[in-house]
Amino acid sequence: MVQWTDFERATIQDVFSKMDYESVGPETLSRCLIVYPWTQRYFGNFGNLYNAAAIMGNPLVAKHGKTILHSLERGVKNMDNLKDTYAELSVLHSEKLRVDPDNFKLISDCLTIVVASRMGKAFTGEVQAALQKFLAVVVSSLRRQYH
Amino acid sequence: MLSKKQKELIAEIWASLTPVAEDIGADALGRMFASYPGTKTYFSHLDISPRSAHLLSHGRKIVLAIAEGARDIGQLTVTLAPLQTLHAYQLRIDPANFKLFSHCVLVALACHMGDDFTPDAHAAMDKYMSAFAAVLSEKYR
């Protein structure tokens, strides 16, 4: 089982409690689609993803970005049982959505960068390390049901 | 492939960061050491505590090299030739670490630039850092 230090627990709770889900979610997914355009392969029915402006203004991208972030919130509330928290979503991504699990790291990196730009100096190296550890465990939980 | 617009954006950003090269560089290195402790193994000869003289000086060196490359991206292989040799034959840093450092540079930029680190800037910068790392590893084998 993953061991969390007091600092890591407190940091994750703090970062997510201060987060504006309504804007961080859409921006994270948008950046992923812009910076790593091959990820657009999973969003064929989202309409116009032609350029950065189109992606940032796309309501389906925004909605889905929020969905993803709210799902992370569940993980924040269940840090000691991420494996079970994400079991169902893991099956969904593997069997129905057929998403290459390497993509999970890409969107994690985008989230880290969005949080960094929001928090500025408060996003120290230690805070970054804690967030990246949390996201890595979430990603690992999402990879578990791929066979 | 970097477009003309992306090259201009990258050159512009790095030119504006040259005055704070040591801050950005030290910040990126510090983040890398915090998130990826294995990278510290390459620095046993330096004092890498936060904002140490060594860290600031080393961070400055790296950022100035990245900024120089950004001035004429088409000539990266020429500009980086000496550093290619250094990394391949002397430093022999596993190139997988270049990815880790590049990510921390992007995070440092995001912290420093806030909203100015737009998705377009992020995309261009990510591509540039990948190209930089690829050229740097060219002489390894």
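Residues numbered from 1 in each chain as written. Chains lettered and ligands numbered in written order. Predicted model: local features only at pLDDT ≥ 70, side-chain atom pairs only at ≥ 80, totals over all residues. Heavy atoms only, no water.

- The name an unreviewed UniProt entry assigns to chain B is Hemoglobin subunit alpha-D, from the organism Liparis tanakae.
- According to the UniProt record, the Sequence similarities (unreviewed entry) comment for chain B is "Belongs to the globin family." (UniProt positions renumbered as here; feature names shortened; annotations may be inferred.)

- Taking an unreviewed UniProt entry as the reference, chain A is identified by name as Hemoglobin subunit beta-2 belonging to Liparis tanakae.
- Annotation of chain A in UniProt includes, under Sequence similarities (unreviewed entry), the sentence "Belongs to the globin family."

## Some details on the nonpolar core
Then step 1. Phe 16 and Phe 134 of chain A together with Trp 14 and Tyr 128 of chain B are the most contacted members of the largest nonpolar core, which totals 75 residues.
Then step 2. Broken down by element, the residue count for this core peaks at 11 residues, all from helix 6 (residues 96-113) of chain B.
Then step 3. Excluding residues within four positions of it along the chain, Phe 16 of chain A makes contact with Tyr 21, Leu 72, Val 76, Leu 131 and Phe 134 of chain A. (Core = buried A, V, L, I, M, F, W, Y, C linked by side-chain atoms within 4.5 Å. Buried < 20%, exposed > 50% of the residue type's maximum accessible area, 1.4 Å probe, protein only. Helix = DSSP H or I, 4+ residues; strand = E, 2+ residues; numbered from the N terminus. Contact = heavy atoms within 4.5 Å.)

## A closer look at the UniProt feature "domain: Globin" (unreviewed entry) in chain A
Then step 1. According to UniProt, the feature "domain: Globin" (unreviewed entry) maps to residues 3-147 of chain A in the numbering used here.
Then step 2. Along residues 3-147 of chain A, the helical share is 71% and the strand share 0%, with 26 Å between the first and last C-alpha atoms.

## So, the interface of chain B and chain A
One widely used convention gives an interface's size as the accessible area the parts lose upon coming together.
Then step 1. The interface of chain B with chain A comprises 19 residues on the first partner and 21 residues on the second.
Then step 2. Interface area, chain B with chain A, both sides summed: about 1,600 Å², of which 58% is carbon and sulfur.
Then step 3. Ranking the residues of chain B by area buried against chain A places His 103, Pro 119 and His 122 of chain B at the top, with a combined share of 32%.
Then step 4. For the pair chain B and chain A, the interface holds 0 salt bridges.
Then step 5. For the interface between chain B and chain A, the tally reads 8 residue pairs in polar contact (both at pLDDT 80 or more).
Then step 6. If you list the elements that add at least two residues to the side of chain B that touches chain A, you get helix 2 (21-35), helix 6 and helix 7 (119-136) of chain B.
Then step 7. Here the side of chain B that touches chain A gets 6 residues from one element, more than from any other, and that element is helix 6 of chain B. (Buried area = accessible area lost by both parts, 1.4 Å probe. Salt bridge = Lys/Arg side-chain N within 4 Å of Asp/Glu carboxyl O. Polar contact = N/O pair within 3.5 Å; in protein donor to acceptor, adjacent residues only side chain to side chain.)

## Some words on the confidence of the model for chain B
Then step 1. Residues with a pLDDT of 70 or more make up 100% of chain B, whose mean pLDDT is 96.
Then step 2. When mean pLDDT is compared element by element in chain B, helix 7 of chain B scores highest at 98, while helix 5 (residues 81-91) of chain B scores lowest at 95. (pLDDT = per-residue confidence, 0-100.)

## A short note on the packing of helix 1 (residues 4-17) of chain B against helix 6 of chain B
Residue and element names in this part refer to chain B.
Then step 1. Axis separation between helix 1 and helix 6 bottoms out at 13 Å; the angle between their running directions is 70°. Considering the angle they form, helix 1 stands roughly perpendicular to helix 6. Listed contacts from helix 6 to Ile 13, Trp 14 and Leu 17 of helix 1 are Val 105, Leu 109, His 112 and Met 113.
Then step 2. Of the residues contributing to the contact of helix 1 with helix 6, the split by class is 6 nonpolar, 1 polar and no charged. (Axes fitted to C-alpha atoms, helices over the stretch in contact; angles between N-to-C directions. Parallel < 35°, antiparallel > 145°, perpendicular 65-115°, else oblique. Nonpolar A, V, L, I, M, F, W, Y, C, P; charged D, E, K, R; others polar.)

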